[in-house]
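What follows is each chain in one-letter form.
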Amino acid sequence: MIHIPKAEYTRRRKALMAQMEPNSIAILPAAAVAIRNRDVEHVYRQDSDFQYLSGFPEPEAVIVLMPGRQHGEYVLFCRERNAERELWDGLRAGTEGAIRDFGADDAFPITDIDDILPGLIEGRDRVYSAMGSNAEFDRHLMEWINVIRSKAHLGAQPPNEFVALDHLLHDMRLYKSAAEVKVMREAARISCAAHVKAMQASRAGLYEFSLEAELDYEFRKGGAKMPAYGSIVAAGRNSCILHYQQNDAVLKDGDLVLIDAGCEIDCYASDITRTWPVNGKFSPEQKAIYEIVLASQEAAFAEIAPDKHWNQAHEATVHVITAGLVKLGLLQGDVDELIASEAYKAFYMHRAGHWLGMDVHDVGEYKVGGEWRVLEVGMALTVEPGIYISPDNQNVAKKWRGIGVRIEDDVVVTKQGCEILTGGVPKTVADIEALMAAAR
Ligand code: GLY
Ligand code: MN
Ligand code: MN
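Reading the values: the criteria
Residues numbered from 1 in each chain as written. Chains lettered and ligands numbered in written order. Predicted model: local features only at pLDDT ≥ 70, side-chain atom pairs only at ≥ 80, totals over all residues. Heavy atoms only, no water. UniProt positions renumbered as here; feature names shortened; annotations may be inferred. 1 Å grid on protein atoms, 1.4 Å probe; cavity = no way out; pocket = protein on both sides within 12 Å on 5 of 7 lines; lining within 4 Å. Points joined across faces, edges and corners; volume = space filled by probe spheres on them. Helix = DSSP H or I, 4+ residues; strand = E, 2+ residues; numbered from the N terminus. Nonpolar A, V, L, I, M, F, W, Y, C, P; charged D, E, K, R; others polar. Buried < 20%, exposed > 50% of the residue type's maximum accessible area, 1.4 Å probe, protein only. Pairing = 2+ DSSP bridges. Near = heavy atom within 4 Å. Polar contact = N/O pair within 3.5 Å; in protein donor to acceptor, adjacent residues only side chain to side chain. Areas by Shrake-Rupley, 256 points an atom, 1.4 Å probe, with all protein chains shown as cover.

Taking an unreviewed UniProt entry as the reference, the protein chain is identified by name as Xaa-Pro aminopeptidase belonging to Pseudomonas extremorientalis. Per its UniProt entry, the protein chain bears the Catalytic activity (unreviewed entry) comment "Release of any N-terminal amino acid, including proline, that is linked to proline, even from a dipeptide or tripeptide."

Set out below in structure tokens:
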């Protein structure tokens, strides 16, 4: 299995600590276990920030980083080994494992955190945490601070600055290292194989969930624990519902099916959309729309390179899509005016992409100082233009209604431009039809 090497977690912690103010402390909680129903739990997924800094896969844990501390800068609170609980729920690293396998300088049982953590905070001027994203943790943090305040008369020094950790940490996460790109390539490779399988399996009379099953099988076979987000398998008019989740309609001859799905490897997402005809052959209207979306995506790739700004790729898609819709008679008027009045939004109502990483809609600012961010080597993003013609759109001829097309790939900015991670699944009309014909 391809995964992030241990040394990289150490490097990340050091890099974060190097940016923290002198005499400060950072505190991050692991994700809580989410209950699905009664005593059934959701599959555990570590918090992305916590994972980024530790690679520690367990709940009930807290990372504490104290730059410059003599007795160790990295302390991990975690669950203790427990033969009975491990018999029921699985192995735990325990405090020894936290040090031995996860690089902690010191580790304590999570049950002791209320006794120990105030002492670690005491005397530090600033506390970095993800304020506001976890109400229960915020409350705990204030309790620990209040323990110190209550001892002020004995000379205890509570911190007097609370700083959001997000800015520093999320900026680090925006730039993908070579090891991260390697993991993202692997997630992309598996997701490509899954889309190919779903294309090959596509038949009228099957259901959307039949194709979802093909995706899930390939994801799991590739070692992915779960999809990076709820898979969208949307046939016919459902392809015009951007975040369609039902996945239970029948696949009809003559309809398109849009699949937006990607797996997650070592907590790194992939995010691919392909749209193809259920019966393997595009109708003239489907093909006309598809070609515009594809051309807009190609135009966007050309706008992704160091020194180009974040919005250039989006602007390129808007231009190609608007011009294409005018050419087909779906929009009437001057292309520049239609862009200025945002007339294209009736058909293309989302942006061309988002940052991609540990979160499918990854962290990182899109604007800096009010200006679109300039792209830099190592930034990863999606490119996902689409055209969606509502089944209820009375302004267009009937033959166009209910057609929804999106094409989505994942890229990493390189010195020369960008590397497309998800090239392993066909997307020209000819290549899709050839692949599907061969599978019949
Ligand atoms: N699957 C969510 C997205 O494409 O942004
Ligand atoms: Mn997607
Ligand atoms: Mn996306």
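Once you've had a look at it, read on.
Chemist: Got a minute to help me understand empty space enclosed by the protein in this structure?
Modeler: Vacant regions in the atomic arrangement are exposed by a probe of water-molecule size rolled over the atoms. Applying the stated criterion across every chain yields a total of one cavity of 30 Å³ or more. Here the largest cavity defines a volume of roughly 50 Å³. Elements that contribute at least two residues to the lining of the largest cavity include exactly α11 (310-327) and β17 (380-383). Among the elements that line the lining of the largest cavity, the one with the most residues is α11, at three residues. Counted by class, the lining of the largest cavity contains four nonpolar, three polar and no charged residues.

Chemist: Honestly, the pairing of strand β11 (residues 256-261) in this entry has me stumped. Any pointers?
Modeler: The side chains of a regular strand alternate, first on one face of the sheet and then on the other. Counting buried positions along β11 gives six out of six residues, so the element sits mostly inside the fold. Pairing between strand β10 (residues 232-235) and β11: four bridges, direction antiparallel. Bridge assignment links Ile-232 to a residue of β11, and that residue is Asp-260. Sheet topology note: the β11/strand β14 (residues 272-277) ladder contains six bridges and is antiparallel. If you follow Leu-258 over to β14, its bridge partner there is Thr-275.

Chemist: Honestly, the site of ligand 1 in this entry has me stumped. Any pointers?
Modeler: In the region of ligand 1, the neighbouring residues are Tyr-229, Asp-260, Asp-271, His-354, His-361, Glu-384 and Glu-408. The contact in question runs from an oxygen atom of ligand 1 to an N or O atom on the side chain of Asp-271, over 3.2 Å. When ligand 1 is considered free in solution it has 200 Å² of accessible area, and contact with the protein chains removes 89% of it. Of the residues that constitute the shell around ligand 1, the class distribution is one nonpolar, two polar and four charged.

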